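What follows is each chain in one-letter form.
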Amino acid sequence: MTPLTGSAHSVRPADTLTRDALAVLQPGFTGTTAPDWLRRRLGEGLSAVGLFGRNVHDPEQLAALTGQLRREREDVLVAIDEEGGDVTRLEVRGGSSFPGNHALGAVDDTTLTRQVARELGRRLADCGINLNWAPSADVNSNPANPVIGVRSFGADPHLVARHTAAYVEGLQSAGVAACTKHFPGHGDTAVDSHHDLPRITADLATLQERELVPFRAAVAAGTRAVMSAHILLPALDGDHPATLSPAALHGLLRTPATEGGLGFDGLIVTDGMEMRAISAAYGIEHGSVLAIAAGADAICVGGGLADETTVLRLRDALVRAVRTGELPEERLADAAARVRALARWTRGAGAGEGAAPVPGIGLTAARRALRVTVGDRPYEPLTTPAYVAAFTPLANIAVGDETPWGVAAELSRLVPGTATATYPAASATGTGSLVDGLLTAAGDRRIVAVVRDVHRHPWMADALRTLLAARPGTAVVEMGVPQSPPQGALHIATHGAARVCGQAAAEALTTRTPSRAG
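The rules we used
- Residues numbered from 1 in each chain as written.
- Predicted model: local features only at pLDDT ≥ 70, side-chain atom pairs only at ≥ 80, totals over all residues.
- Heavy atoms only, no water.
- Helix = DSSP H or I, 4+ residues; strand = E, 2+ residues; numbered from the N terminus.
- Rg over C-alpha atoms; globule rule 2.2 N^0.38 Å.
- Buried < 20%, exposed > 50% of the residue type's maximum accessible area, 1.4 Å probe, protein only.
- Contact = heavy atoms within 4.5 Å.
- Areas by Shrake-Rupley, 256 points an atom, 1.4 Å probe, with all protein chains shown as cover.
- Lys, Arg positive; Asp, Glu negative; His and termini not counted.
- Charge placed at Lys NZ, Arg CZ, Asp CG, Glu CD.
- Pairing = 2+ DSSP bridges.
- Axes fitted to C-alpha atoms, helices over the stretch in contact; angles between N-to-C directions.
- Phe/Tyr/Trp six-rings, centres within 6.5 Å; stacked < 30°, edge-to-face > 60°.
- Lys NZ or Arg CZ within 6 Å of the ring centre and 35° of its normal.

What follows deals with the overall build of the protein chain. Counting secondary structure elements, the protein chain contains 18 helices and 16 strands. Scaling as 2.2 N^0.38, a compact globule of 518 residues should have a C-alpha radius of gyration of about 24 Å, and the protein chain matches this with 24 Å. Here the C-alpha coordinates of the protein chain stretch approximately 80 × 45 × 45 Å along the principal axes. Here the protein chain holds 518 residues, and the buried ones make up 59% of them. Sequence separation of 24 or more characterises 77% of the internal contacts of the protein chain that already satisfy a separation of 6 or more. About 18800 Å² of surface is accessible on the protein chain, with carbon and sulfur atoms providing 52% of the total. Within the protein chain, one finds 47 positive and 54 negative side-chain charges whose respective centroids are separated by 4 Å.

Right, dumping it as structure tokens:
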């Protein structure tokens, strides 16, 4: 085939260029079977597909779906955002069988973290998934962080580092590639990059001593991929967010450790390009070109934009950028080669082979993560139907609002007849009216108040204080980051809102539990 030319730049044959442009995309789609357009693009060079909760019904359906994809392309990378804990796609409608990072960090047993990650990886591999956009290696150094929170192992960089490494090792021992995120660290933000561009003002020395510590550990543990964050760090680059910054990706992540970098040689994946931190300022086409030029190898898109038109727009933007000289063809070819290299690794890693099931490991970890504090008065275990009041903040986009959380469902199994209601942010009627309605609904039943990051929500803290003043025998279950001091006749910190965390809390509410200050 005759090479195409654009201005003075010589480029490879159109078919090769198009295949490379498709190879670096990780698009999503709608439905629980592979649409025709997706299968056709796999035949044309598309090398990866991203799955979301909307694509998952049950393990059998998921295995059939990934089988469909592999019939079109045997070495396709099938990725998913399965952190366990609050962020689950495998169990999006029932809640996760695994506690999230914050619970594992609270236990601080790297052997347990490795076992949990291996079992999670085994389940992914059984469903035909070979790339997991996890773990989160973010150091949750800002308690006001609206998007990381319990997705982080904790606020201590060295604790986060050792558990990130253990998670990577466990996941990859099951043949599933880890994608450690969100480089160079999304923990010190008070802005959610789904909505706007966060800015981290820490200097380079602080980044080296805090944010980068877990990523160095992940690289040392052999993480096969790293996901970039849509955050602005003026200490690295005052103009471009990390996803679009050569200084962050090529200059810091790729630079050898002997020269102050991390020496990472695997696949660099962008966070979702339709997130407003990128799309609002650059648009997804231009943003994708800039990301590949900066050193990213794979473009994640499809959480929101999940159609063929999006794939074609991005493919054509990349091809056009090479033809005009905006994107060096060698950079696109290198990115595509890294995608194919990861695909080869997953085929040789023996996904799931030899990984013996450990079905109860998630609940074991959730139980160990509980921190139970008994108040001033003796606490009697629940033996009669209770009233569960769930104070509910707005869910962030990463978690979504499809996944149930709380303790009511699990407590109802142990104490039939238990009732529940949801209490969102107090309206114009105020906290007093909210609590009055709650007390009326509860009647003479004992109350369990379920909160999530009470330290971040003044309305929730006010409602809880008002409730405890009226009913001091109330038990409190904190299912977010337990930043506030324990309150209530019994206070249970679960360090996450996974289904197993709710189950462990329900068990603690109905049995005589020792005081364990956390």
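Its location among the elements puts I278 in helix α10 (residues 276-282). You can call I278 buried: its relative accessible area is 0%. Separated by 38 residues in the primary sequence, I278 and H240 have C-alpha atoms spaced 9.8 Å apart. Leaving out residues up to four positions away in the same chain, I278 has contacts with H230, P241, L244, M273, G283 and G287.

With mixed pairing, the six strands of this open sheet are ordered in space as β11-β16-β15-β14-β12-β13. Edge positions in the open sheet fall to β11 (371-374) and β13 (419-423), since each of these has one partner strand only. Within this sheet the neighbouring strands show an average axis-to-axis angle of 15°, counted without direction. In this sheet, strand β16 (residues 490-493) lies alongside β11 in antiparallel orientation, the contact comprising four bridges. Note that in β16 the partner of T373 across the bridge is H491. Along the sheet face, helix α18 (residues 499-509) touches β14 (447-451), β15 (475-478) and β16 and points at about 160° away from the line of β16.

Across all of its chains, the model carries five aromatic pairs by this definition. Ring geometry for F52 versus W133: centroids 5.9 Å apart, planes at 45°, classification tilted. Of this pair, F52 sits in the loop between β4 (48-51) and α3 (59-72) while W133 sits in the loop between β6 (131-132) and α6 (157-173), and the two are 81 residues apart along the sequence. Note on accessibility: F52 and W133 belong to one class, buried. An aromatic cluster of at least three residues, connected via ring pairs, comprises F391, Y423 and W459. Here the basic side chain of R446 rests over the ring of Y379, its NZ or CZ set 5.0 Å away from the ring centre. Cation over ring: R452 sits above W405, and NZ or CZ is 4.5 Å from the ring centre.

Moving on, we get to the sheet that holds strand β7 (residues 177-183). Ordered in space as β4-β5-β6-β7-β8-β9, the six strands form an open sheet in which the pairing is parallel. Each of the sheet's edge strands pairs with one partner strand only, and the pair in question is β4 and β9 (267-269). Sheet topology note: the β6/β7 ladder contains two bridges and is parallel. Following the sheet pairing, N132 is matched in β7 by A178.

Any functional reading would require information that these geometric values do not contain.
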